[in-house]
Amino acid sequence: DKEAEARIMAVVDSEPAKTRGAAMCSQMAAANMRRIRMPEEQGGMNPFGPPGTQPSGLGWDTSTEPKNREDMEALAKRLNPTVGFWDPLGIVSEGTAPETIGWFPHAEIKHG
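Residues numbered from 1 in each chain as written. Predicted model: local features only at pLDDT ≥ 70, side-chain atom pairs only at ≥ 80, totals over all residues. Heavy atoms only, no water.

Enquirer: I'm lost on the side chain of T96 in this one. Help?
Expert: Residue placement: T96 occurs in the loop between α3 (69-79) and α4 (98-111). Of the residues examined, T96 reaches a relative accessible area of 12% and is grouped as buried. Looking at T96, its side chain comes within polar contact range of the main-chain oxygen of I91, at 3.1 Å. Polar contacts involving the side chain of T96 include one to the main-chain amide nitrogen of S93, which spans 2.9 Å. Setting aside chain neighbours within four positions, we find T96 in contact with I91, I101 and F104. (Helix = DSSP H or I, 4+ residues; strand = E, 2+ residues; numbered from the N terminus. Buried < 20%, exposed > 50% of the residue type's maximum accessible area, 1.4 Å probe, protein only. Polar contact = N/O pair within 3.5 Å; in protein donor to acceptor, adjacent residues only side chain to side chain. Contact = heavy atoms within 4.5 Å.)

Okay, structure coming up:
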């Protein structure tokens, strides 16, 4: 907002040229903290975090996410029939937790 920008620039403009970048960072961080601490109705954050997601009643038994090595192999063959399932490090085993298996696609998409 223009009011916050004007406050920040008033401080930054009064700084010597050498320290303007640091002043800008400091003032922007302070402005963000003020914004976060505002009441939720004014755009601030709930101090207890986001509201909880209501349970859907669907669990691992009805989920379509891969839960074990067999599901991972089927998914890999469906998504890339040429390569198929490729796990040279043996990360996915029968003892791998379903939550961990669910995390793999997220990590792969994020990190490539």
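Enquirer: How should I be thinking about the pattern of salt bridges in this particular structure?
Expert: Pairs can form between side chains of opposite charge once their charged atoms are near each other. Using the criterion set out here, one finds 4 salt bridges in the structure. Among the salt bridges present, the one from R7 reaches E3, with a minimum N-O distance of 3.2 Å. Of the two residues, R7 and E3 are both situated in helix α1 (residues 2-13); the distance of 4 residues between them amounts to about one turn of the helix. We classify E3 as exposed; its relative accessible area is 58%. (Salt bridge = Lys/Arg side-chain N within 4 Å of Asp/Glu carboxyl O.)

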